[in-house]
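Each chain, letter by letter, is given below.
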Amino acid sequence: MTFVIGQNVIDIEIKALKLLKKSMRKSEFEMAIDYLYKTSGKIIISGIGKSGHIGSKISSTLSSIGSSSFFLHPSEANHGDLGMVTKKDCMILISNSGESSELLNLILFCKKIGIPIISITSEERSTLAKQSSAVLLIPKNVEACPLELAPTSSTTCMLVLGDALAITLLKKRK
């Protein structure tokens, strides 16, 4: 019984990844890569909760391929760390709902200094998506958690999108 449950979770996550691949918008992905490629400063990633953990891993992967990157915790940003962000940077903001209140000041700051925002979200009409330069959508409502509470498939999709950005950027830079 427990083995079958485990297999079912994997099946649900595979389904989410197939939906992600099918629903990817070429123009948005290529726009995101273009922003990252043209960034002369740092690629800064932020998110709260599980999205933040995924953002930290994406930042680490970008650093591994030679792209200057760091994770900026939104709470720390709101308490003085926005000074680490410059006009030469690019921001990737991650939020499944696109309505994480902790990201609002980051969005406003990016808009104020004119740096691009790449968002990873499941909500195309969210505040985050509307304020973004490029929107990378993940499938919604396909979590393996039967209560739809614990992020599972959504974080898997975020992670895979981050890897896709990193490897595409690596190959573009040769």
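Rules used in this analysis
Residues numbered from 1 in each chain as written. Predicted model: local features only at pLDDT ≥ 70, side-chain atom pairs only at ≥ 80, totals over all residues. Heavy atoms only, no water. Helix = DSSP H or I, 4+ residues; strand = E, 2+ residues; numbered from the N terminus. Contact = heavy atoms within 4.5 Å. Axes fitted to C-alpha atoms, helices over the stretch in contact; angles between N-to-C directions. Parallel < 35°, antiparallel > 145°, perpendicular 65-115°, else oblique. Left-handed = near helix turned anticlockwise from the far one by under 90°. Nonpolar A, V, L, I, M, F, W, Y, C, P; charged D, E, K, R; others polar.

The next subject is the environment of Val85. By the secondary structure assignment, Val85 is in the loop between helix H4 (74-77) and strand S3 (90-94). In sequence terms Val85 and Val160 are 75 residues apart; their C-alpha atoms lie 25 Å from each other. In this structure, Val85 is in contact with Ile44, Leu72, Met91, Phe109, Ile113 and Ile115, ignoring residues within four places of it in sequence.

Remark: helix H3 (residues 50-64) packs on helix H7 (residues 153-173), axes separated minimally by 9 Å, with the N-to-C direction vectors making an angle of 20°. Between H3 and H7, the angle falls in the class roughly parallel. Classified by chirality, the crossing of H7 by H3 is right-handed. Here H3 contributes Lys50, Ser51, Ile54, Lys57, Ile58, Thr61 and Leu62 to the contact with H7, which in turn contributes Thr155, Met158, Leu159, Gly162, Asp163, Ala166 and Leu169. Looking at side-chain class alone, the contact of H3 with H7 contains seven nonpolar, four polar and three charged residues.

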